[in-house]
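Structural description and commentary
Next come the chains, spelled out residue by residue.
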Amino acid sequence: GTSEPWRDFDRSQVYTADLESALHYLLRVELAAHGTLEGAELKVFKDFVTLVAKLYPVGGSVVKLMETLSDWLLGLPVELVLLGLIMHIYKNTGREISGVFLGAELRWVGCQGSRLGLRGYPCSLWTLFHVLTVQHDAAPAALDGSGLEGEAAPVLQVMRRYIRTFFGCKECGRHFEQAAAASMDQVTSREDEVLWLWNQHNRVNTRLAGGPGSLSDDPVSPKAPWPSPALCPACHEESNGVHVWNHANVLAFLRRHYGASNLNPRYSL
Ligand code: FAD
C-alpha cells in the first residue's frame, strides 16, 4: 500500500520478509510481463526455481511454493509454458499452503524505502542472491542431482541468466552482463563465488554513489562501499595510506551476515 508504517529493522540482519517478497514480486510482476515461456527462457526460469528450492536456507510457505513449482516444471513434458498456468498454480498452491492470498503480500523490511518506489525489489534480489551464494558455500551437496552441480559457479551463472533474461531494469542487465562476461568465468571456488558477487555489488554501489537519478537512490540508504567500518571493522585495512579490503575477513563476515542463523523471521509473510 502507499501508507505502510515504517518497520524498524537492524542493518546487521537479513529479513526473510525481504527474501519472500523478492520471490513474490519476481513471480507476480516480473514474470507476468512475459506471456509465454519457451525454449531457453523456460530453461532459465526452471534453473532459477530449482536453485531457490534447493538452496533457500529456511522453510516456509514461499519455499514450499518454489518446491512445488520446481517439481511441476521438471515433470513437464512440453517445452512451452503459458505463464497464466504458472500463475494459476502459484495462486492455488499458495493459498493451499498458507491459507492466505499470497498475491497481495509484499513486505519490505531491510529493503524498505523511505518513499514508495525506492529500494524494494532490486535490493531484495541482491539480498536473495547473496544468501544463495553463502548457502551454496555452506551446503554444496544441496545441489546434487539438480542438474546445476556441474557448473563451476552455479549461483552466479543462474543469476546471470536470470538478470539477462528477465530483470525489468534492462540497463542493469546490460551492466551485469558486461561484468559477468569479463570475469565470471574465472570463478572456480565457492569462496570466490561469494566474493565475486560482493565485489560486483560494490562496483555498482560505487558507480551509483552520488550519481544523478539512479534507479532508486534513497537518501536514507546512500550508496557506499559495503560493509561499512561500523558493520565490519576487520574488513577494512590500510596499506601505505590506501584503503584495502581484508578479503579473508570480508568472506567471514559475508558467511555470517548472509548465513542461515542471521536470518530474522520478523515481519515474515
Ligand atoms: P542495494 O544496492 O540494493 O543493496 C541491498 C542491500 O545489500 C544493502 O542494503 C546492504 O545491506 C547489502 N549490500 C550492499 N552492498 C553490498 C555488497 N557489496 N555485498 C553484499 N551486500 C551488500 N541500478 C542502477 O541504477 N544501475 C545499474 O546498473 C544497476 N545494476 C543492478 C544490477 C543488479 C544485478 C541488481 C540486482 C540491481 C542493480 N541496480 C542498478 C539497482 C541498484 O543496485 C540497487 O539495488 C537499488 O538502487 C536499491 O539500492 P539499495 O540502497 O536498496 O541497496
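So, how was this worked out
Residues numbered from 1 in each chain as written. Predicted model: local features only at pLDDT ≥ 70, side-chain atom pairs only at ≥ 80, totals over all residues. Heavy atoms only, no water. Axes fitted to C-alpha atoms, helices over the stretch in contact; angles between N-to-C directions. Helix = DSSP H or I, 4+ residues; strand = E, 2+ residues; numbered from the N terminus. Parallel < 35°, antiparallel > 145°, perpendicular 65-115°, else oblique. Left-handed = near helix turned anticlockwise from the far one by under 90°. Contact = heavy atoms within 4.5 Å. Salt bridge = Lys/Arg side-chain N within 4 Å of Asp/Glu carboxyl O. Buried < 20%, exposed > 50% of the residue type's maximum accessible area, 1.4 Å probe, protein only. Phe/Tyr/Trp six-rings, centres within 6.5 Å; stacked < 30°, edge-to-face > 60°. pLDDT = per-residue confidence, 0-100. Disulfide = S-S within 2.5 Å. Core = buried A, V, L, I, M, F, W, Y, C linked by side-chain atoms within 4.5 Å. Near = heavy atom within 4 Å. Polar contact = N/O pair within 3.5 Å; in protein donor to acceptor, adjacent residues only side chain to side chain. Areas by Shrake-Rupley, 256 points an atom, 1.4 Å probe, with all protein chains shown as cover. Nonpolar A, V, L, I, M, F, W, Y, C, P; charged D, E, K, R; others polar. Expected span 1.5 Å × (residues − 1).

Our focus in this paragraph is the packing of helix H2 (residues 39-55) against helix H3 (residues 61-74). Axis separation between H2 and H3 bottoms out at 8 Å; the angle between their running directions is 135 degrees. Put simply, H2 runs oblique to H3. As H2 packs across H3, the resulting crossing turns out to be left-handed. Listed contacts from H3 to Leu42, Phe45, Lys46, Phe48, Val49, Thr50, Val52 and Ala53 of H2 are Val63, Met66, Glu67, Leu69, Ser70, Leu73 and Leu74.

As a further point, take the pattern of salt bridges. Close approach of charged atoms lets side chains of opposite charge pair. Counted according to the given criterion, the structure contains eight salt bridges. Two residues, arginine 160 and glutamate 177, come together in a salt bridge whose shortest N-O distance is 2.8 Å. You can see arginine 160 sitting in helix H6 (residues 154-166) and its partner glutamate 177 sitting in helix H7 (residues 170-183), a full 17 residues away along the chain. The partner of arginine 164 in a salt bridge is glutamate 177, and the shortest N-O contact between them spans 3.3 Å. Of this pair, arginine 164 sits in helix H6 while glutamate 177 is found in helix H7, placing the two residues 13 residues apart along the sequence. Relative accessible area serves as the criterion here: at 44%, arginine 164 is assigned to the partly exposed category.

In this structure, the amide linkage connecting tryptophan 226 to the following residue, proline 227, adopts the cis form with an omega of 0 degrees. Residue placement: proline 227 occurs in the loop between helix H8 (190-208) and strand E4 (236-239). The residue asparagine 240 is not glycine, and still its phi comes out positive at about 55 degrees. In this structure, tyrosine 267 takes a positive phi of about 70 degrees despite not being glycine. Position of tyrosine 267 relative to the elements: it lies in the segment after strand E6 (263-264).

Next up on the list: the packing of aromatic side chains. Tallied over the full model, the rule gives 12 aromatic pairs. Geometrically, the ring pair formed by phenylalanine 9 and tyrosine 15 is edge-to-face, given 6.4 Å between the ring centres and 85 degrees between the ring planes. Connected via pairs of aromatic rings, a cluster forms that spans Phe48, Phe129, Tyr162 and Phe166.

Mean pLDDT over the protein chain stands at 87; residues scoring 70 or higher make up 86%. A low-confidence stretch, residues 97-103 (pLDDT under 50), is modelled with 15 contacts involving residues beyond four sequence positions or located in other chains.

Here we come to the state of the cysteines. Per the counting criterion, the structure on display carries three disulfides. What pairs with cysteine 169 in a disulfide is cysteine 172, and their sulfur atoms sit 2.1 Å apart. The S-S bond linking cysteine 169 to cysteine 172 shows a torsion near 75 degrees; that makes this disulfide right-handed. Residue class for cysteine 169 comes out buried when judged on its relative accessible area of 15%. Residue classification places cysteine 172 among the partly exposed residues on the basis of a relative accessible area of 26%.

Below, the discussion takes up the nonpolar core. Counting 67 residues, the largest nonpolar core has Phe48, Leu51, Met66 and Phe129 as the members making the most contacts within it. Sorting the residues of this core by element identifies helix H1 (16-30), H2, H3, helix H5 (121-138), H6, H7, H8 and helix H9 (247-257) as the ones contributing at least two each. In contact with phenylalanine 129, not counting residues within four places along its chain, are Phe48, Leu51, Val155, Met159 and Leu197.

This part takes up the site of the ligand. In the neighbourhood of the ligand, 25 residues make up the surrounding shell, with Arg119, His175, Trp198, His201 and Tyr258 lying closest. Side-chain polar atom of histidine 130 to a nitrogen atom of the ligand: 3.5 Å apart, as the coordinates give it. Between the ligand and histidine 175 there is a distance of 2.7 Å, counted from an oxygen atom to a side-chain nitrogen or oxygen. For the ligand, whose free accessible area comes to 950 Å², the fraction covered by protein is 93%. Elements with a contribution of two residues or more to the shell around the ligand: H5, H6, H7 and H8. With seven residues, H8 is the single largest residue contributor to the shell around the ligand. A breakdown of the residues in the shell around the ligand according to their chemical character gives 14 nonpolar, eight polar and three charged.

The end-to-end C-alpha distance of H1 is 20 Å, a good match for the 21 Å that 15 residues give at a rise of 1.5 Å each. Counting buried positions over the 15 residues of H1 gives 12, a clear majority of the element. Those residues of H1 not exposed but buried are Thr16, Ala17, Asp18, Leu19, Glu20, Ser21, Ala22, Leu23, His24, Leu26, Leu27 and Glu30.

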